[in-house]
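Residue-level listing of the chains:
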Amino acid sequence: MIIAIDAMGGDNAPQEIVQGACEALSAFNNIEKMILVGDQAQLEKLVDLSLKDRIEIVHTAQVISMDEHPAQAYREKKEASITVASRLVKEGKADAVVSAGSTGAQLVAGLFEIGRIRGIKRPAIATPLPTLTGIKILTDAGANTEVTVKNLEQFALMGYTFAKILKGNKIDLQVALVNNGTEETKGTTLTQEAYTALRNNRKIPFYGNIEGNALLTTPVDVLVCDGFTGNVVLKTFEGSVKGIFTLLKNEMMSSLRYKLGAVLLKPCLKDIMKTYNPKTVGGSPLLGLNGVSIVCHGNSDHTAFFNGIKLAVECVEYHLVEEIKNSIVEE
């Protein structure tokens, strides 16, 4: 297995990215080689010399920054690191690409370099979301702000396929449609029609609608919505978790009694923080592309990026792209 790394993408690139890549290379024997795409002079100084025989550097001086317009930057920077790394997947020189750079740029590079799976109208970001009832797959988490019923139906199929892989081919999974009410008559015309389409699709184990206050507690496995709604859900969840732990920390430090209690609760709190730490998830696949492309958070450190590569390995090992192709046959 060969993994292409956009070594220049992300707030902490290239140091944290290269460190995470080297750690993954050490941990996973099934990674034959890692291809680091970026400024060769910078990358050579950061590579673990004990792993140099399994690392290839592809030099490029161009990078698409977070504040650039993705499509315009793609047209103007044909040798940008994310573009070159995605091209390696298209050319069969790498099995997956992993990046912590601009999500928009990665999506554009994925569309024009890797290409879509035949029959897929739009790719979607599928984000694993830790909840009180286990990991849920949220899709779309930000790639498509405006969608059709067919888009949502395909998001459901792809999310369901990804969830099965992530959960060890567990078969008793359920797919829910994010809405403002549980009744099938609730929501917009789009969500009402999507409800009917998902219910009638025999390939989708449809649970029904799910409201925002039940996202973390209802035992479903895939949450389907448009990218605007999904991104709001994701960011609200991340902000809420951060806010709760900040509040707990502040209160625990406010009195001696609370400090003593905090000492006793410390192991429990560390376990909870570990569960809800976005670093443990690492990344999100762009479902619908004709190759594995993993989107990592822009501020990923080496641990988060390591876990993003781990997810890429799992997607390649369990043939995610092929499974999605099979799921949309006759769709």
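What you see is a predicted model, and the numbers here were worked out from it, not measured in a lab. (Residues numbered from 1 in each chain as written. Predicted model: local features only at pLDDT ≥ 70, side-chain atom pairs only at ≥ 80, totals over all residues. Heavy atoms only, no water.)

*Asks:* Account for unusual backbone geometry, with residues named and values stated.
*Replies:* Following Ala-13, the chain continues to Pro-14 via a peptide bond in cis, the omega torsion being 0°. Mapped onto the fold, Pro-14 is located in the loop between β1 (2–6) and α1 (15–27). Cis peptide bonds are those with omega within 30 degrees of zero, and the linkage from Thr-139 to Asp-140 qualifies with 10°. Relative to the helices and strands, Asp-140 is located in the loop between β6 (134–139) and α6 (149–166). Even without glycine at this site, His-319 takes up a positive phi of about 55°. In this fold, His-319 is placed in the loop between α10 (302–317) and α11 (320–327). (Helix = DSSP H or I, 4+ residues; strand = E, 2+ residues; numbered from the N terminus.)

*Asks:* Break down the sheet that holds β6 for me, citing the residues and quoting the values.
*Replies:* Judged by pairing direction, the sheet is mixed, and its eleven strands sit side by side in the order β3-β2-β1-β4-β11-β10-β5-β6-β9-β7-β8 without closing on themselves. Strand pairing shows two members of the sheet lacking a second neighbour, β3 (55–59) and β8 (206–210), which therefore form its edges. Across the sheet, the mean angle separating the axes of adjacent strands is 25° when strand polarity is ignored. Strand direction decides the pairing type here: β1 and strand β4 (residues 96–99), joined by three bridges, are parallel. The residue bridging Ala-4 from the neighbouring strand is Val-97, located in β4. Along the sheet, α10 contacts β1, β2 (33–38), β4, β10 (283–287) and β11 (292–296); its crossing angle with β11, the most-contacted strand, is approximately 160°. (Pairing = 2+ DSSP bridges. Axes fitted to C-alpha atoms, helices over the stretch in contact; angles between N-to-C directions. Contact = heavy atoms within 4.5 Å.)

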